[in-house]
Amino acid sequence: MDRETGRPGTGLRTDPRTPSARVSHPPRPRLPQGVAGAPPPPAARRPRRRGLRLSAAVGVGLLLAGGGIVAVDRLGQDRAATPLTPAGRALAAAEAGRPAALADLEALIGERRQRVRREPADRASWAVLGAALAERAARSGAPGAYTEAERALQRSLAQGGTPDVRALTGLAVLAAARQDWAGAVRWGEAARDRAPGRAAAYRVLLEAYTGTGDAKGADRALERLRKVRPGPVAEVAAAGVHRERGWREDAEATVYDAAARAATPAERAAALSRAGDLAWERGEAETALARYEGALRAEPEHDGAAAGRARALAGLGRSEEALAAWARARAAAPRPGYAVESGELLLALGRSGEAADHFALARHQAAALARDGVRQEQVLGRLEADHGDPAEAVRLMADEHRRHPGPAASGALGWALHKAGRSAEALPRLRAAVKDGPNTAQPAYHLGMAHLALGERGAARRQLTRALRLAPEFSPLHAERARRELAALGEPAWGPPPA
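Residues numbered from 1 in each chain as written. Predicted model: local features only at pLDDT ≥ 70, side-chain atom pairs only at ≥ 80, totals over all residues. Heavy atoms only, no water.

1. Focus on helix α5 (residues 165-177)
For step 1, the next point in the chain: Between the first and last C-alpha of α5 there are 18 Å, a value that for 13 residues agrees with the 18 Å anticipated at 1.5 Å per step.
For step 2, the next point in the chain: Across the 13 residues of α5, 13 count as buried, placing the element largely inside the fold.
For step 3, the next point in the chain: Looking one or two residues past α5, Q179 carries a phi angle of roughly 60°, positive in sign. (Helix = DSSP H or I, 4+ residues; strand = E, 2+ residues; numbered from the N terminus. Expected span 1.5 Å × (residues − 1). Buried < 20%, exposed > 50% of the residue type's maximum accessible area, 1.4 Å probe, protein only.)

As structure tokens, then:
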């Protein structure tokens, strides 16, 4: 079957397909206002709001949004803190199963800090504080934030007694933010076993199982998430699963539905940013730009949308705007991958000195995050393979692949091997990344370049053509290289072989 239109079903899909019978998707739900050319969703599709009942009997509500978590504790002392206050809005958002705005999350952190100063033995408040800090770490990417969150969560567990499920879930979120997928599975399963009806554990387990390559575990986590917390949060997560498996139409349909049903700005930003990613990977830079800008209007601090906007602007040839957008993304979250991408744009523009500064910044940021317990093998492996020491890239990615085997790590290791002059060893890993990973341009480009290095002209032509067909501007540096190599390969000879 053509992977650009989907794969056979595995229980996640509502329309099972076979190689001989394809089922078309229903019409896409309309995107909300703010996306180019899309009218507002019809009133009939708008979810009915439920009134919130906040009382002393209300337990902890945990919500993961974009890898984060917001915790709500028992509200017996919070009756005066209505949802109209920032901390109250964060509490109400969690109870209703929606993402919290970053400003509201900060208010919740400040309020819980005051509580633990007054009552340092308050296990519940330490758990709430640690969970909120873990979300902030995941969303800000700031060095130091991860360690602060871990201390608060461990302080909750250190009070003794039965572990607080909020602390267990917060530790799972923190492990996922550090790309410690095995740790995220361990803590997430502990939280799930303590409270099987809470949505937060399934959201982090979905991410963790995907990171470890456990597709069946991810399927089960997604099924449970949809049961205990149906709505846009679950559907954005489902779109990520579909995308990872190359099911492009499924991912599109799911994220359109999530965007149409979003009820808060943070929820809307998450859905529109995911929709932008999918459009970008299809090579639709204008559409992607509109979606990313819609996400940023909803949540100006959304670093994923800011980075996506930078990529889209670069793809449209608006290089100076793209560099400014990259600066905005780096300010929102100092992730070293952003510095690598902006450096590659500078290289493509012939500004090698500035590019070297950006690569140095990426290494500095990676070192700071590593001291905070955040794994950096993926970004450093990419940086070393393309702009540093390929042998070091092989070492980094071999270590990462042993810990977390899967299409992404397999493809990154294969690319490092190719760049180190070991293209024959790289081919099986690069083929696996194309076959089993997301149906995107970069794995095809990597495989094409390895074939080219081995003199396999036909295979190289097929994969490089595929990469550019999927997304003509997938990289300001590598897309141009793909076009040059294709031009040098020329057209295939269609006539009979010479006598």
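2. Examining the confidence of the model for the protein chain
For step 1, the next point in the chain: Confidence in the prediction of the protein chain, expressed as mean pLDDT, is 83, and 80% of residues score 70 or more.
For step 2, the next point in the chain: Within the model, pLDDT remains below 50 along residues 1-83, and this stretch shows 210 contacts once partners closer than five positions in the same chain are excluded. (pLDDT = per-residue confidence, 0-100. Contact = heavy atoms within 4.5 Å.)

3. A closer look at helix α13 (residues 303-315)
For step 1, the next point in the chain: Between the first and last C-alpha of α13 there are 18 Å, a value that for 13 residues agrees with the 18 Å anticipated at 1.5 Å per step.
For step 2, the next point in the chain: Burial analysis of α13 places 11 of its 13 residues in the buried class, the great majority of the element.
For step 3, the next point in the chain: Looking at α13, one finds that the buried residues are D303, A305, A306, A307, G308, R309, A310, A312, L313, A314 and G315.
For step 4, the next point in the chain: Count one or two residues on from α13 and you reach G317, which has phi positive near 80°.

4. Describing the side chain of E384
For step 1, the next point in the chain: For E384, the position within the fold is in helix α17 (residues 377-387).
For step 2, the next point in the chain: Accessibility expressed as a relative area gives 12% for E384, which makes it buried.
For step 3, the next point in the chain: Side chain to side chain, E384 and R363 meet in a polar contact 3.3 Å long.
For step 4, the next point in the chain: Residues within four places of E384 in sequence aside, it is in contact with R363, D389, P390, E392, A393 and L396. (Polar contact = N/O pair within 3.5 Å; in protein donor to acceptor, adjacent residues only side chain to side chain.)

5. Quick notes on the packing of aromatic side chains
Two measures describe an aromatic ring pair: the distance that separates the ring centres and the angle between the ring planes.
For step 1, the next point in the chain: Scanning the model with the defined rule gives 3 aromatic pairs in all.
For step 2, the next point in the chain: Aromatic side chains W415 and Y445 sit 5.9 Å apart centroid to centroid with 45° between the ring planes, which places their arrangement in the tilted category. Pair noted here: W415 is in helix α19 (residues 407-419) and Y445 is in helix α21 (residues 441-453), with a separation of 30 residues, a long-range link.
For step 3, the next point in the chain: Here Y445 falls in the buried class, since its relative accessible area comes to 1%.
For step 4, the next point in the chain: Summarising the aromatic geometry, the rings of Y445 and F474 are spaced 5.5 Å apart at their centres and angled 50° between planes, so their arrangement reads as tilted. (Phe/Tyr/Trp six-rings, centres within 6.5 Å; stacked < 30°, edge-to-face > 60°.)

6. Some details on the nonpolar core
For step 1, the next point in the chain: If you look at the biggest cluster of nonpolar residues, it comprises 49 residues, and the most contacted ones within it are L129, Y146 and L206.
For step 2, the next point in the chain: Ignoring any residue separated from it by four or fewer positions in sequence, one finds L129 in contact with I109, R112, R113, V116 and A152.
For step 3, the next point in the chain: Judged by nonpolar contacts, the second largest core, of 37 residues, contains A288, A305, A339 and V379. (Core = buried A, V, L, I, M, F, W, Y, C linked by side-chain atoms within 4.5 Å.)

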